[in-house]
Amino acid sequence: MATTVTTAFTGRFWSPAELVRTAVARGYQSVGLADIGGFFGAVEFYRNAQQHGIEPSLGVVLWCHQCGWLQFTVRTRHGYRKLNELLTCTAGEVLASPDHLKRILSEAGDDFWVSLSLLRPCAPFPGISPPEALVPWWMRNWNWLLNHAPAENCWLELGWRDEYERSAQRRVYQQLAHAGWDRWVIMSHARMADTADSWRLELTQSIGTLTRVAQEHPAKLSPGEDSLAYAEVMAQRWSKVPSVLESTRRFASGCAFEMELGRLHLPGWDADGDNIPDAHQANARLAWLCLRGLVRRYRKEPYPWPDKPESSALLQRLQRELNVVREVGFAGYFLIFHAIVEQCRRRQIPLLARGSAAGSLICHALGVSNVCPFRFGLSFERFLNLDRMRHSKLPDIDLDLPWDQRDEILEWMYQHFGPERVAMIGGFSTYQARGALAEVAKAMGLPAARAHELSKRLPHGALHRFISRAEHYVEAAPVLEDAENNRMLAAAVALDGLPRHPMMHPCGAVIADRKLTHFLPLQSSAKGLHMTQFDMHAVEETGLLKLDLLGQAGLSVLRDVEQNLCSEGVANPWAGLDLRRPELYHACARGDVRGIFTLNRLL
């Protein structure tokens, strides 16, 4: 129980998948994940636990000024939602809001366990209590917790990190067990699979505290056992107190939370702001909008190319596409995109749909795509098919918006659908070649200026790719020729690809049919917008609607050119523009153009 992984960002050296595999290999029947400050790795952990046939439990660790480290372990879906709200209120911080924490504790019910850690207080809040006052500090924390949470929901954690903590825990155990307390739970607090990785733990703690390796700092963990012991070893250690082992089993068996994955939760709002929760109504609404769009595209507006499709061909293909959409239940997906496109049209914001969405007649009829699939012979099945539905994969529509008007549409989405239902998608910034070497070099004693100068000799991207082809990079020769630099480079490989800190996805947004905290926790971003603690892959597995709204500078340039030409008296700058003119392609071939984002051959 209470293991943490790389998504805790400091001093953890296994992924959720590695945690599960290690627990299975070492004889455990259940395994718990409790990241610090969030559910960052929850989806990957839960999915891997199911695949390996081991019982998962999911928790989160927060710091409370009144009682130190608290772990909240989920028991029910309602409890998961409550903890999502708690994490959202903390805005991604480890420190829990006292007022909200008290309310959550008083409403705990049977939704989650609350356990108090009997560990020495350290990072990220050092200096809370000197070691000699550890036992009375724990007891004071315990009394505060019992005053704010039902006793039947509270547990005390026991661990095996070092002899000092074990000695202090024995005093607490003797005092409370004598008074009749029987809710104890053994927590491993493991941070890595094997003790051989302890140097990595020291390295990342030094990076996090801006100190050198082996330099003391109050926020660093004291030396102790931070690896996951084998199940039989753990049972032997606690064999003298079988009641604690039995209590831990009760704790684990009480955490039968099932995370809901793979089921789609598509909102049903249309362009007028009406909610359409019923699937039959959503399908009917979509069909009506598509028919109206076909009339506009192929009857009212001029069709500027030869071989205009017949009405029978249009209706036949539309019916085929709508049948697939009806079967997979994606009508709400298209209605949301239609609402966004309509809002752009009302605000005169140009947009462009890219990717396989151009193969859909539905997208063309709704105005999402301006490419006629008949003219170019595009296939709808490349965009959406039944096999994709079996993997719960939504079709991918990428919308390009002018870079300086993208935020305007995002703000409208928050207002139109509700700020509690819309968020940007989060993710993780990872250590790459340059960043990993620079941080390791500083931790190993190199001045910051010299460390960054050294790192700039490496290419951008993953460090392991550079290592495999180092002889091809002439600029990196000074790094490879020095023995000390090679030592730092070897240490930096240990950080390659590990999560460094949370970040916001550059273009992804998510919309739900209810509060997002029903599915996942949110946190604040540097931009001021809420973002999900889950990355894009976890968001998709949760079944939420993911939108890609990209800021495209090229559209901004085209818009400004059109406005400038109109101000000079050109009524319709694009009228009669023939993109098939040979001189255009000759200019491109000669390189006599600027600002070309992408170029495709016109059929």
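Coordinates for the structure precede this section.
Residues numbered from 1 in each chain as written. Predicted model: local features only at pLDDT ≥ 70, side-chain atom pairs only at ≥ 80, totals over all residues. Heavy atoms only, no water.

Colleague: Can you explain the overall build of the chain? Please cite residues and give values.
Modeller: In terms of helices and strands, the chain carries 24 helices and 13 strands. Each of the three principal axes of the chain carries a C-alpha extent, and together these read 90 × 65 × 45 Å. Looking at the chain residue by residue over its 603 residues, the buried ones come to 51%. Considering only intrachain contacts with a sequence separation of at least 6, the fraction spanning at least 24 residues in the chain is 75%. For the chain, the exposed surface amounts to about 28,200 Å²; the carbon and sulfur share of it is 52%. Counting 66 positive and 66 negative side-chain charges, the chain places the centres of these two groups 1 Å from one another. (Helix = DSSP H or I, 4+ residues; strand = E, 2+ residues; numbered from the N terminus. Buried < 20%, exposed > 50% of the residue type's maximum accessible area, 1.4 Å probe, protein only. Contact = heavy atoms within 4.5 Å. Areas by Shrake-Rupley, 256 points an atom, 1.4 Å probe, with all protein chains shown as cover. Lys, Arg positive; Asp, Glu negative; His and termini not counted. Charge placed at Lys NZ, Arg CZ, Asp CG, Glu CD.)

Colleague: Describe a nonpolar patch on the surface, naming the residues involved and giving the relevant values.
Modeller: Nonpolar side chains collect at one region of the surface, where Val557, Leu558, Val561, Trp574 and Leu577 lie side by side and expose about 430 Å² of accessible area between them. Structurally, Leu577 is set in the loop between α23 (553-567) and α24 (582-590). (Patch = residues over 30% accessible without salt bridge, like charges linked within 9 Å, V, L, I, M, F, W, Y side chains within 5 Å. Salt bridge = Lys/Arg side-chain N within 4 Å of Asp/Glu carboxyl O.)

Colleague: Before we move on, can you summarise the side chain of His505 with the specific residues and values?
Modeller: Within the fold, His505 resides in strand β10 (residues 499-511). Separated by 2.9 Å, the side chain of His505 and the backbone nitrogen of Gly508 make a polar contact. Look past the residues within four positions of His505 in its chain and what remains in contact with it is Ile425, Gly426, Met536 and Asp548. (Polar contact = N/O pair within 3.5 Å; in protein donor to acceptor, adjacent residues only side chain to side chain.)

Colleague: I'd like a rundown of helix α6 (residues 163-178), residues and numbers included.
Modeller: An α-helix turns once every 3.6 residues. As a result, residues three or four positions apart point the same way. The end-to-end C-alpha distance of α6, which contains 16 residues, comes to 22 Å, matching closely the 22 Å that a straight helix rising 1.5 Å per residue would cover. Within the sequence span of α6, burial applies to Glu165, Arg166, Ala168, Gln169, Val172, Tyr173 and Leu176. Taken end-on, α6 shows its buried residues confined to a sector of 165°, consistent with a single buried face. Structural note: α6 exposes Arg171, Gln174 and His178 on the side pointing more than 90 degrees away from its buried face. If you follow the buried residues of α6, they end up packed against α5 (134-148), β5 (154-158), β6 (184-186) and α9 (242-253). Looking at where α6 begins, the residue whose side-chain oxygen comes 3.2 Å from the main-chain nitrogen of Tyr164 is Asp162. Looking one or two places after α6, you find Gly180, whose phi comes out positive at around 100°. (Expected span 1.5 Å × (residues − 1). Arc of directions from axis to C-beta.)

Colleague: Quick rundown of the nonpolar core? Include the residues and the values.
Modeller: Note that soluble globular proteins tend to have their nonpolar side chains buried in a common cluster. In terms of nonpolar packing, the biggest core is built from 136 residues, with Phe39, Phe72, Leu145, Leu286, Phe334 and Met413 touching the most fellow members. Here this core takes 10 residues from helix α12 (residues 331-346), the largest share from any one element. Each residue touching Leu145, except ones within four places of it in the same chain, is listed here: Leu70, Leu105, Val114, Leu116 and Cys154. (Core = buried A, V, L, I, M, F, W, Y, C linked by side-chain atoms within 4.5 Å.)

Colleague: Residues and numbers for the packing of helix α10 (residues 279-300) against helix α11 (residues 311-328), please.
Modeller: In contact at an axis separation of 11 Å, α10 and α11 are set at 155° when each is read in the N-to-C sense. Regarding the angle of α10 to α11, the classification is roughly antiparallel. Where α10 crosses over α11, the two elements pack in a sense that is right-handed. On α11, the residues touching Asn283, Leu286, Ala287, Cys290, Leu291, Leu294, Tyr298 and Arg299 of α10 are Ser311, Leu314, Leu315, Leu318, Leu322, Val325 and Arg326. (Axes fitted to C-alpha atoms, helices over the stretch in contact; angles between N-to-C directions. Parallel < 35°, antiparallel > 145°, perpendicular 65-115°, else oblique. Left-handed = near helix turned anticlockwise from the far one by under 90°.)

Colleague: Any details on the pairing of β5? Residues and values, ideally.
Modeller: Of all the 5 residues making up β5, 5 are buried; the element is thus mostly covered by neighbouring parts of the structure. Judged by which residues are buried, β5 turns out to be covered on both faces: Cys154, Leu156 and Leu158 on one side and Trp155 and Glu157 on the other are all buried. Across 3 bridges, β5 lies against β6 in parallel orientation. For Leu158, the partnering residue across the bridge sits in β6 and is Ile186. In this fold, β5 hands off to α6, which returns the chain to β6; that crossover is right-handed. (Pairing = 2+ DSSP bridges. Right-handed = clockwise from strand over helix to strand, strands pointing away.)

Colleague: Residue-level account of the environment of Leu70, with values.
Modeller: Inspection of the secondary structure assignment puts Leu70 in strand β3 (residues 68-74). According to the relative accessible area criterion, Leu70 is buried, its value standing at 1%. In this structure Leu70 touches Val60, Val61, Leu62, Cys64, Leu101, Val114, Ser115, Leu116 and Leu145, once residues within four positions along its chain are discounted.

Colleague: A description of the sheet that holds β5 should follow, citing residues and the corresponding values.
Modeller: Sheet strands line up and pair through hydrogen bonds in the backbone, either parallel or antiparallel. Taken together, 6 strands build an open sheet; the order of strands is β1-β2-β3-β4-β5-β6 and the sheet is mixed. Strands at the two margins of the open sheet, each flanked by one partner only, are β1 (30-36) and β6. Neighbour-to-neighbour, the strand axes of this sheet turn through a mean angle of 35°, independent of strand direction. Taken together, the 6 bridges between strand β2 (residues 55-64) and β3 define a ladder with antiparallel strand orientation. Among the inter-strand pairings, Val61 is bridged to a residue of β3, identified as Gln71. Packed on one face of the sheet, helix α2 (residues 42-52) meets β1 and β2 and runs near 155° to β2.

Colleague: Please provide a residue-by-residue account of unusual backbone geometry, values included.
Modeller: Although it is not a glycine, Ala214 adopts a positive phi angle of roughly 75°. Among the structural elements, Ala214 can be located in the loop between α7 (198-209) and α8 (231-237). In the Ramachandran plot, Asp307 falls in the positive-phi region, its phi being about 60° despite a non-glycine side chain. Take Asp307: it is sitting in the loop between α10 and α11. For Asp307, a relative accessible area of 71% corresponds to the exposed category.

Colleague: Provide a residue-level description of empty space enclosed by the protein, including the pertinent values.
Modeller: Under the counting rule described, the total for this entry stands at 3 cavities of 30 Å³ or more. Computed from the structure, the largest cavity encloses a volume of approximately 150 Å³. Taken together, 13 residues form the lining of the largest cavity, with Tyr80, Met259, Glu260, His518 and Phe519 sitting closest to its centre. The class makeup of the residues in the lining of the largest cavity is 6 nonpolar, 3 polar and 4 charged. (1 Å grid on protein atoms, 1.4 Å probe; cavity = no way out; pocket = protein on both sides within 12 Å on 5 of 7 lines; lining within 4 Å. Points joined across faces, edges and corners; volume = space filled by probe spheres on them. Nonpolar A, V, L, I, M, F, W, Y, C, P; charged D, E, K, R; others polar.)

Colleague: Pulling in residues and values, what's your account of the pattern of salt bridges?
Modeller: The full count for this structure, using the stated rule, is 30 salt bridges. Between Glu260 and Arg263 there is a salt bridge; the shortest N-O distance is 3.1 Å. The partner of Arg320 in a salt bridge is Glu381, with the nearest N and O atoms 2.6 Å apart. Taken together, the residues Arg320 in helix α11 and Glu381 in the loop between α14 (373-376) and α15 (386-390) connect sequence positions 61 residues apart.

Colleague: Describe the packing of helix α1 (residues 16-25) against α2, with residues and values.
Modeller: Where α1 contacts α2, the two axes come as close as 8 Å, and the packing angle between them is 30°. For the pair α1 and α2, the crossing hand works out as right-handed. Within the contact between the two elements, α1 uses Pro16, Ala17, Leu19, Val20, Arg21 and Val24 and α2 uses Glu44, Phe45, Asn48, Ala49 and His52. Looking at the contact of α1 with α2 residue by residue, the class counts come to 7 nonpolar, 2 polar and 2 charged.

Colleague: With reference to specific residues and values, describe the environment of Cys290.
Modeller: Mapped onto the elements of the fold, Cys290 is located in helix α10. Its relative accessible area of 0% is what places Cys290 among the buried residues. Residues Cys290 and Leu318 lie 28 residues apart in sequence; the distance between their C-alpha atoms is 8.0 Å. Among all residues touching Cys290, those that are not within four sequence positions of it are Leu318, Leu322, Ile362, Ala365 and Leu366.

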